[in-house]
Amino acid sequence: MAASMTAEDKTRLAALFDTSGDFLRDGHWRERETPVFEDDAAEDGAAQRVAGGGDSLETIAAEVRECKACGLCALRILPVPGEGVERPLALVIGEAPGSEEDERGKPFVGAAGHLLDRMLASINLSRTTNCFITNTVKCRPPGNRDPSPEEAAACAPFLARQMRVLRPAYILCMGRIAAQTMLHTSEGIGRLRGKFFDYTPDYPADNAAAPAIPLIATYHPSALLRDASLKRPAWEDLKTLLARLQT
Ligand code: URA
């Protein structure tokens, strides 16, 4: 993805091109009208809104914060909409916020989150530069139990809308719940991990317009913290993704 530029950067670059052009032609400086540029951030935001049919990450996050669609709203401290960059190379999807995420309103900030950041860094991914991180369910289930089918169904439209706005190049599912939810299957993570699936967006309007997104799953970082023998296969999965990212 190209680095974003401010309007000032673009004006300077245009002036540099003009000066070099003058120099190469005859060395005479010509007066020109100064073009008016916009910051990329503003343009990107507009592009996101068009891609998402007028929706935006901010609107979705605001609605997540107000959401009372399932019983988890009564138990949460803070909902966790997700964080990262727009138009990410990878959309990283976890299960649900844990206790630290619930307190801070950010995804993957506890021990599993630190490991996730290191796993992503090992394949040149990061929530600050080229990923967006979120969960299948945006509020913490009590005692970190699995989200119920009703809770998952109530929350699913938020993830679908985020995907529609984000249009990630790849999807990386962390763990069984994320993989099963995205792939609509009850198959175990041992069989789902390490290979690519074509993810077809849930929104009917997108099915026609948007190409399938390559999706790969691996073990959840919490599982790696519990069982170190899963680290090697998880690393194999990350390398499979890295090989695809490099092509
Ligand atoms: N585990 C998850 O699946 N998501 C988080 O945000 C934190 C821990």
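The structure under discussion appears in the preceding block.
Every chain is numbered on its own, with residues counted from 1 as its sequence reads. With the structure being a predicted model, the display of local features is reserved for residues of pLDDT at least 70 and the display and counting of side-chain atom pairs for 80 or more, all residues being used for whole-chain, interface and lining totals. Water and hydrogen atoms play no part in the side-chain values, which are based on all heavy atoms of the structure.

(A) Region of the structure containing the overall build of the protein. In terms of helices and strands, the protein carries 11 helices and six strands. Out of the 247 residues in the protein, the part that is buried amounts to 44%. A sequence separation of at least 24 residues applies to 72% of the contacts in the protein between residues at least 6 apart. Using a 1.4 Å probe, the Shrake-Rupley method yields the accessible areas, and only the shown protein chains count as cover for residues. As presented, the protein carries roughly 13,000 Å² of accessible surface, and 55% of it is formed by carbon and sulfur atoms. Strands here mean DSSP runs of E at least two residues long; helices mean DSSP runs of H or I at least four residues long; both are numbered from the N terminus. Note on classification: 1.4 Å probe, protein chains only; a residue is buried when its accessible area is under 20% of the maximum for its type, exposed when over 50%, partly exposed between these limits. In what follows, a contact means two residues having at least one pair of non-hydrogen atoms within 4.5 Å.

(B) Layout of the side chain of Gln 162. Structurally, Gln 162 can be placed in helix H6 (residues 149-166). Excluding anything up to four places from it in sequence, Gln 162 contacts Leu 57, Ile 60, Pro 81, Phe 132, Thr 134 and Lys 138.

(C) Geometry of the site of the ligand. Taken together, Gly 94, Glu 95, Ala 96, Pro 97, Glu 101, Pro 107, Phe 108, Asn 135 and His 220 form the complete shell of residues around the ligand. The definition of a polar contact used here is a pair of N or O atoms within 3.5 Å, where within protein one atom must be able to donate a hydrogen and the other to accept one, and adjacent residues in sequence count solely through side-chain atom pairs. A distance of 2.9 Å is found between an oxygen atom of the ligand and a backbone nitrogen or oxygen belonging to Phe 108. Between the ligand and His 220, the relevant distance is 2.8 Å, taken from an oxygen atom to a side-chain nitrogen or oxygen of the residue. Relative to its unbound accessible area of 240 Å², the ligand is 93% covered by the protein chains. Three classes are used, and their members are as follows: Ala, Val, Leu, Ile, Met, Phe, Trp, Tyr, Cys and Pro are nonpolar, Asp, Glu, Lys and Arg are charged, and the others, Gly among them, are polar. Across the shell around the ligand, the residue classes break down as four nonpolar, three polar and two charged. We call a residue near a molecule or strand when any one of its heavy atoms sits within 4 Å of it.

(D) Fine view of the sheet that holds strand E5 (residues 197-199). With mixed pairing, the six strands of this open sheet are ordered in space as E1-E3-E2-E4-E6-E5. Looking along the sheet, the strands with just one partner apiece sit at the ends: strand E1 (83-84) and E5. Pairs of strands are assigned from DSSP output, requiring at least two bridges between the strands. Of the strand pairs in this sheet, strand E2 (residues 90-94) and strand E4 (residues 170-174) are connected by four bridges, and their pairing is parallel. Residue Ala 90 lies in a different strand from E4, and its bridge partner there is Tyr 170. Most of the contacts of H6 go to strand E3 (residues 131-135), to which it runs at about 170 degrees, and overall it touches E2, E3, E4, E5 and strand E6 (213-218). To get an axis, fit a line to the C-alpha atoms, keeping to the stretch in contact for a helix; angles then go from 0 to 180 degrees between the N-to-C directions.

(E) Spotlight on the packing of aromatic side chains. In this scheme Phe, Tyr and Trp rings, the latter by its six-membered ring, pair at centre separations within 6.5 Å, and the angle between planes marks the pair as stacked below 30 degrees, edge-to-face above 60, and tilted otherwise. Counted according to the given criterion, the structure contains one aromatic pair. Looking at Arg 244, its charged tip hangs above the ring of Phe 196, at a distance of 4.0 Å from the centre. Distance and angle both matter: a charge sits over a ring if NZ of Lys or CZ of Arg is within 6 Å of the ring centre and within 35 degrees of the ring normal.

(F) Helix H5 (residues 111-121), seen in detail. Burial in H5 covers these residues: Ala 112, Gly 113, Leu 115, Leu 116, Met 119 and Leu 120. Burial along H5 is one-sided: seen end-on, the buried residues are contained in an arc of 160 degrees. Exposed and facing more than 90 degrees away from the buried side of H5 are Ala 111, His 114 and Arg 118. If you follow the buried residues of H5, they end up packed against E2, E3, E4, helix H10 (221-226) and helix H11 (231-245). Arc definition: directions from the helix axis to the C-beta atoms.

(G) Structural context of the pattern of salt bridges. A pairing counts as a salt bridge when a side-chain nitrogen of Lys or Arg comes within 4 Å of a carboxyl oxygen of Asp or Glu. This structure, assessed with the given rule, holds 10 salt bridges. Between Arg 161 and Glu 63 there is a salt bridge whose closest N-O contact spans 2.8 Å. Of this pair, Arg 161 sits in helix H6 while Glu 63 sits in helix H3 (residues 57-66); the two residues are 98 residues apart in sequence, bridging distant segments of the chain. The exposure class assigned to Arg 161 is buried, which follows from its relative accessible area of 14%. With its nearest N and O atoms 3.1 Å apart, the salt bridge here joins Glu 83 to Lys 106. Taken as a pair, Glu 83 in strand E1 and Lys 106 in the loop between helix H4 (99-104) and H5 lie far apart in primary sequence, 23 residues in all. You can call Lys 106 partly exposed: its relative accessible area is 35%. The network of salt bridges with common partners includes Glu 83, Lys 106, Asp 117 and Arg 127.

(H) View of the pairing of E2. With five of five residues buried, E2 is to be regarded as a mostly interior element. Side chains Ala 90, Val 92 and Gly 94 project from E2 onto one buried face, and the interleaved Leu 91 and Ile 93 project onto a second face that is buried too.

(I) A look at H11. A helix is expected to reach a length of 1.5 Å times the quantity of its residues less one. Here H11 spans 21 Å end to end across 15 residues, near enough to the 21 Å set by a 1.5 Å rise per residue. Burial in H11 covers these residues: Pro 233, Ala 234, Asp 237, Leu 238, Leu 241 and Leu 242. Structurally, H11 contributes buried residues whose contacts are with H5, E4, E6 and H10.

(J) Main features of the pairing of E6. Most of E6 is tucked away: six of the six residues are buried. What you see with E6 is no split at all: Ile 213, Leu 215 and Ala 217 on one side and Pro 214, Ile 216 and Thr 218 on the other are buried throughout. Both E4 and E6 contribute to a ladder of four bridges, which runs parallel. When the sheet's bridge partners are listed, Ile 171 is paired in E6 with Leu 215. Pairing of E5 with E6, which is carried by three bridges, proceeds in the antiparallel orientation.

Honestly, that's just the spatial picture; any functional story needs more than this.
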